[in-house]
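# Report on the structure
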Amino acid sequence: MKVLLKGLTKVFPSRKKGGADTVAVDRFNFEIPDGKLVGLLGPSGCGKSTTLYMISGLQKPTSGKVFFGDDDVTELPAEKRGVGLVFQNYALYPHLTVQQNILFPLENLKGKDKLSKEEMLRRAAEAAKLVQIDQLMERKPSELSGGQQQRVAIARALVKMPRVLLLDEPLSNLDARLRLQTREEIRRIQKKTGITTIFVTHDQEEAMSISDCIVVMKAGVVHQTGRPQEVYDDPINLFVAKFLGNPPINIFSGRVQGGKLLLGDDAVLSLSGVADGAVIVGVRPEGFIPDEAGGLCCSMVNVEVMGRDITVVSTHPAFQGAAIRSIIASDAGVRREQETVRFRLKPEKVLLFHPETEERIRFQAE
């Protein structure tokens, strides 16, 4: 089911007389293709959950439209939209068994949608098997792990055979290992069912790892959309560049002078197409190559051994932050005992931004 958002806006009136209203979502335009998994990504308060609730029908837009396929569902009640919604806190009924929790949405169907007991049990068993909890049907939520509870919540959303599956920060309450396992499960389930899925998270690693497309939001405004790797490699502005990536992008104060990119007194790159003047320079952690003849000279702080690669922690006068983090091969020969370390930079991993607007500045490396 294709989902189309046209000028979707949500404004919350001020609770104080004469106070400013809060624009939670501002003219959101986007088309979510049929059968794809899309991640809504951004910091807390960016409007991603509000967008999800407007799609589900739990909140009414101030303006704009929501379409499921060719159907305008903007005014349609949530229960008639055919959506499955999974909340961050699972929202399971503690006094019901796993089977009863999964059956609950089906037992509330009325009229022509009402199902026989046999059909409800069949659907519940299929949903439980899909999320691999079919051996836990007689347990209650208190007898389950966090990951198992999350699977029950997903099965309950899927049992209705929804047109659209909506996931609101579904992994936030899980530990790191379970988060990794459960996000892989969500992707597997989505691919097997083919249900159009919208996944809300503030964790960029989660969004990038399982989404067909990501939507990066800030303060209610969509900043960039695209395939995860494309957005990572080609961010439209400094906010997007800083939000995506772990470790985060390294930010320097720089300047362009006579076709050279300078970080402090270090000439680190030859380039064209950029006027002389101050720039903000971002270098991805994987963009550093140890080289005794390299233009960037940094003071060594530490070498963190990660196994297949290492992280060199260093400082530089032009760096905007505590320490530069450079990911390099473990056999690169960099040692903790060094006082300094020199790098040359991979041009494709160097990003320039305007110091005032923070918009991307394109350049040609030479």
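Thresholds, definitions, all that
- Sequence order as written defines the numbering, with residues in each chain counted from 1.
- Thresholds applied to this predicted model are a pLDDT of at least 70 for local features of residues and 80 or more for the giving and counting of side-chain atom pairs; totals over whole chains, interfaces and linings are not thresholded and use all residues.
- Only hydrogens and water are set aside when side-chain values are computed; all heavy atoms of the structure are taken into account.
- Interaxial angle, 0 to 180 degrees, is taken between N-to-C directions of lines fitted to C-alpha atoms, where a helix line uses only the stretch in contact.
- Helix and strand definitions here come from DSSP, where helices need a minimum of 4 consecutive H or I residues and strands a minimum of 2 consecutive E residues; each element is numbered from the N-terminal end.
- Throughout, the term roughly parallel applies to angles under 35 degrees, roughly antiparallel to angles over 145, roughly perpendicular to angles from 65 to 115, and oblique to all others.
- Handedness of a helix crossing follows the sense of rotation of the near helix relative to the far helix, less than a right angle counterclockwise being left-handed and clockwise being right-handed.
- We call two residues in contact when some of their heavy atoms are within 4.5 Å.
- A simple rule labels every residue: compare its accessible area, found with a 1.4 Å probe on the protein chains alone, to the largest value its type can have, and call it buried under 20%, exposed over 50%, or partly exposed in between.
- We score Asp and Glu as negative and Lys and Arg as positive, and we do not count His or the chain ends.
- Throughout this description, the term salt bridge denotes a Lys or Arg side-chain nitrogen within 4 Å of a carboxyl oxygen of Asp or Glu.
- As used in this structure description, the phrase polar contact means that two N or O atoms lie within 3.5 Å; if the pair is within protein, one of them must be able to donate a hydrogen and the other to accept it, and residues adjacent in sequence are counted only when both atoms belong to side chains.
- Strand pairing is assigned whenever DSSP detects at least two bridges linking the two strands.
- Computed over the protein atoms alone on a 1 Å grid, cavities are sets of points where a 1.4 Å probe fits but cannot get out and pockets are open sets with protein on both sides within 12 Å along at least five of seven lines; a residue lines them when it has an atom within 4 Å of a point.
- Grid points are joined across faces, edges and corners, and a volume is the space filled by probe spheres set on the points.

The contact between helix α2 (residues 98-107) and helix α4 (residues 146-158) brings their axes to 7 Å, and the two run at 30 degrees. Relative to α4, the element α2 is oriented roughly parallel. Viewed along their axes, α2 and α4 form a crossing whose handedness is right-handed. Along the contact surface, α2 presents V98, N101, I102 and P105, while α4 presents V152, A155 and R156.

Within the secondary structure layout, D266 lies in strand β13 (residues 266-272). Buried and without a salt bridge, D266 has R342 as its closest oppositely charged side chain, separated by 5.3 Å. A distance of 3.1 Å separates a polar side-chain atom of D266 from the backbone nitrogen of C297. Setting aside chain neighbours within four positions, we find D266 in contact with L261, G295, L296, C297 and H316.

It is worth spelling out the pairing of strand β16 (residues 296-305) at this point. Bridge count between β16 and strand β19 (residues 340-345): four bridges; the pairing is antiparallel. Residue L296 lies in a different strand from β19, and its bridge partner there is F343. The pairing of β16 with strand β17 (residues 309-315) spans six bridges and is antiparallel. In the sheet register, E304 faces β17, and the bridge partner there is T311. Taking the residues between adjacent antiparallel strands as the criterion, β16 and β17 are bridged by three residues, where G307 takes a positive phi near 110 degrees.

In total, this model carries one cavity of 30 Å³ or more according to the counting rule given. In this structure, the largest cavity encloses a volume near 50 Å³. I154, L165, L167, I186, I189, Q190 and T197 together form the lining of the largest cavity. Elements supplying a minimum of two residues to the lining of the largest cavity: β7 (164-168) and α5 (176-193).

Take N173: it is sitting in the loop between β7 and α5. Taking relative accessible area as the criterion, N173 reaches 45% and is therefore assigned partly exposed. With 40 residues separating them in the primary sequence, N173 and C213 have C-alpha atoms 24 Å apart. Residue contacts for N173: discarding those within four places in its chain leaves Q88, N89 and Y90.

A few words now on the pairing of strand β20 (residues 350-353). Along any regular strand, the residues point their side chains to alternate faces of the sheet. Neither face of β20 is exposed, since V350 and L352 on one face and L351 and F353 on the opposite face are all buried. As judged from the four bridges shared by strand β14 (residues 277-283) and β20, these two strands associate in the antiparallel manner. Bridging across to β20, I280 finds its partner in F353. Strand direction decides the pairing type here: β20 and strand β21 (residues 360-361), joined by two bridges, are antiparallel. Following the sheet pairing, F353 is matched in β21 by R360. Linking β20 back to β21 in an antiparallel pair, the connection comprises six residues, with E358 at a positive phi of about 65 degrees.

One open sheet holds the four strands; their spatial order is β2-β1-β4-β5, and the pairing between them is antiparallel. This sheet does not close on itself; its edge strands, each paired only once, are β2 (22-32) and β5 (71-72). By the bridge criterion, two bridges tie strand β4 (residues 63-68) to β5 in an arrangement that is antiparallel. Looking at β5, one finds that F67 is bridged to D72. Across the sheet, helix α1 (residues 48-56) touches β1 (3-12), β2 and β4, and the angle it forms with β1 is around 120 degrees.

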